[in-house]
Amino acid sequence: MQTQNVKPVNINDHRDFLASGLKPGDKVHVGIVGNHVSDDAVLRGVMEDPQRPVDIQGVKVEIGGQVIDLPWGDLVEFWKL
């Protein structure tokens with residue numbers, strides 16, 4: 001039986017993130033505006049608005065030992081590896 005290559009589902013927003021089941025420590029693919037792409041990123045947490053903590057504004061990922069905040073608008077590609 002041959003398996004097909006399944007294209008990953010891009011996570012674009014709060015709703016997609018919750019449906020993805022991603023959790024801190026998961027390895028992720030990120031594509032950031034400005035043509036930076038990495039398959040060596042690790043999810044470290046989420047960005048929350050203190051005024052609306054139930055609304056995830058983006059994600060915190062570790063790339064090359066540095067944790068960076070990535071709002072949804074900065075992510076072109078984001079999915080679990």
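Residues numbered from 1 in each chain as written. Predicted model: local features only at pLDDT ≥ 70, side-chain atom pairs only at ≥ 80, totals over all residues. Heavy atoms only, no water.

Visitor: Go over the pattern of salt bridges, please, and point to the residues and values.
Guide: This structure, assessed with the given rule, holds 4 salt bridges. One salt bridge connects Lys-80 with Asp-26, and the closest N-O pair in it is separated by 3.8 Å. With Lys-80 in strand 5 (residues 75-80) and Asp-26 in the loop between helix 1 (14-20) and strand 1 (27-32), this pair connects stretches of sequence that are 54 residues apart. Residue class for Asp-26 comes out buried when judged on its relative accessible area of 10%. The salt bridge involving Asp-69 is made with Lys-60; its shortest N-O contact spans 3.1 Å. Overall, Lys-60 belongs to the partly exposed group, its relative accessible area being 28%. Members of the salt-bridge network, linked through shared partners, are Lys-23, Asp-26 and Lys-80. (Salt bridge = Lys/Arg side-chain N within 4 Å of Asp/Glu carboxyl O. Helix = DSSP H or I, 4+ residues; strand = E, 2+ residues; numbered from the N terminus. Buried < 20%, exposed > 50% of the residue type's maximum accessible area, 1.4 Å probe, protein only.)

Visitor: Report on the pairing of strand 1, specifying residues and quantitative values.
Guide: Counting buried positions along strand 1 yields 5 of 6 residues, so the element is predominantly enclosed. Two elements, strand 1 and strand 2 (residues 36-49), share 5 bridges in a ladder whose sense is antiparallel. Residue pairing in the sheet places Gly-31 in a bridge with Val-37 of strand 2. Linking strand 1 back to strand 2 in an antiparallel pair, the connection comprises 3 residues, with Gly-34 at a positive phi of about 105°. (Pairing = 2+ DSSP bridges.)

Visitor: Residue-level account of unusual backbone geometry, with values.
Guide: Phi is positive for Asn-35, which is not a glycine, with a value near 75°. Its location among the elements puts Asn-35 in the loop between strand 1 and strand 2.

Visitor: Please give an account of the packing of aromatic side chains that cites residues and values.
Guide: Within this structure, the stated rule accounts for 2 aromatic pairs. Through successive ring pairs, a cluster of aromatic residues spans Phe-17, Trp-72 and Phe-78. (Phe/Tyr/Trp six-rings, centres within 6.5 Å; stacked < 30°, edge-to-face > 60°.)

Visitor: Help me get a handle on the nonpolar core, residues and values and all.
Guide: Counting residues in hydrophobic clusters, the biggest one holds 16 residues, and the most contacted among them are Phe-17, Val-30, Val-59, Val-61 and Phe-78. With 4 residues, strand 3 (residues 52-63) is the single largest residue contributor to this core. Once residues lying within four places of it in the same chain are set aside, the contact partners of Phe-78 are Val-9, Asn-10, Ile-11, Phe-17, Leu-22, Val-28, His-29, Val-30, Leu-43, Val-59, Val-61 and Trp-72. (Core = buried A, V, L, I, M, F, W, Y, C linked by side-chain atoms within 4.5 Å. Contact = heavy atoms within 4.5 Å.)

Visitor: Provide a residue-level description of the environment of His-14, including the pertinent values.
Guide: The residue His-14 is located in helix 1 in this model. Not counting chain neighbours up to four residues away, the residues in contact with His-14 comprise Val-54, Asp-55, Ile-56 and Trp-72. Only 2.8 Å separates the side chain of His-14 from the backbone nitrogen of Ile-56, close enough to count as a polar contact. (Polar contact = N/O pair within 3.5 Å; in protein donor to acceptor, adjacent residues only side chain to side chain.)

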